[in-house]
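Secondary and tertiary structure notes
Residue-level listing of the chains:
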Amino acid sequence: MDHSTFIVKLYIYDLSKGMARQLSPIMLGKQLDGIWHTSIVVYGEEFFFGGVGISSCPPGGTVLGDPNTVIELGSTEVTEEIFMDYLSSLGESTYRRDRYRLFEHNCNTFSNEVAQFLTGQKIPSYITDLPSEVLSTPFGQVLRPILDSIHIAPPGGNVISGHHGQS
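A brief look at the structure comes next. Residue positions are given per chain, counting from 1 as you read along its sequence in written order. Reporting of local features is limited, given that this is a predicted model, to residues whose pLDDT is at least 70; pairs of side-chain atoms are given and counted only at 80 or more, and all residues count toward the totals for whole chains, interfaces and linings. Excluded from the side-chain calculations are hydrogens and water; all other atoms, namely the structure's heavy atoms, are used.

Considerations on the pattern of salt bridges
To be explicit about the condition: The term salt bridge refers to a side-chain nitrogen of Lys or Arg lying within 4 Å of a carboxyl oxygen of Asp or Glu. Each helix corresponds to a stretch of at least 4 residues labelled H or I by DSSP, and each strand to a stretch of at least 2 residues labelled E; elements are numbered beginning at the N terminus. Partly exposed describes any residue whose relative accessible area lies between the buried limit of under 20% and the exposed limit of over 50%, with all areas from a 1.4 Å probe on protein chains only and scaled to the type maximum.
In this structure the tally under the stated criterion is three salt bridges. Where arginine 21 meets aspartate 33, a salt bridge forms, and the shortest distance between an N and an O atom there is 3.8 Å. Of this pair, arginine 21 sits in helix α1 (residues 19-28) while aspartate 33 sits in the loop between α1 and β2 (36-42); the two residues are 12 residues apart in sequence, bridging distant segments of the chain. Note on aspartate 33: relative accessible area 42%, which makes it partly exposed. A salt bridge links aspartate 98 to arginine 96; its shortest N-O distance comes to 3.0 Å. With a relative accessible area of 43%, aspartate 98 lands in the partly exposed category. Judged by its relative accessible area of 28%, arginine 96 falls in the partly exposed class.

As for the pairing of strand β4 (residues 53-57)
We apply this condition: Strand pairing is assigned whenever DSSP identifies at least 2 bridges connecting the two strands.
Burial within β4 is extensive, with five of its five residues counted as buried. Here strand β3 (residues 45-50) pairs with β4 via five bridges, running antiparallel. From the neighbouring strand, phenylalanine 47 faces β4, where its bridge partner is serine 56. Hairpin connection, β3 to β4: the antiparallel pair is bridged by two residues.

Things to note about the nonpolar core
What counts, and what does not: Nine residue types can take part in a nonpolar core, namely buried Ala, Val, Leu, Ile, Met, Phe, Trp, Tyr and Cys, and a core is a set of them joined through side-chain atoms within 4.5 Å. Note on definitions: a residue-residue contact is assigned when non-hydrogen atoms from the two residues lie within 4.5 Å.
If you look at the biggest cluster of nonpolar residues, it comprises 33 residues, and the most contacted ones within it are Ile40, Phe83, Leu87, Phe110, Val114 and Leu118. At the level of elements, β1 (6-14), β2, β3, α2 (80-92), α3 (107-119) and α5 (130-135) are the ones that each hand at least two residues to this core. With five residues, α2 is the largest single contributor of residues to this core. Among residues more than four places away in sequence, those in contact with isoleucine 40 are Val8, Lys9, Leu10, Glu45, Glu46, Phe47, Leu73, Ser111, Val114, Ala115 and Leu118.

The following block contains the structure:
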């Protein structure tokens, strides 16, 4: 029986390209270091959730380019085949494209759930707490209806449908 282990990494991108750090004190009355998009890198692929569902690409292969930060979350003994079946089931249920919600059910929710499945570790709370940080401000409440309509899906990925192995 093969007992290989695979390194699991969290790729962190600042969608604001530094603007959140500069503008958040003025707009929100509090400092935000970034507007975070995350993905999980394992088995030589980058996996993420966005407005088109679960997608994958070579690491750093979306229009976002290289991540701002990479965190090694640990390792997993879960095989790639089991993982792809797991992603396929998530893509048919919890992480279908129509389930994407910028504040409640997004790339970071996905990365957190997948990280726990693979390693038992959560992603950093400064990422998962960001929506509540924004919504706790008066400006965040005003912007919510507009922001709720946004679906972030970095181009460059291949959509993973609920039919593993079929395009």
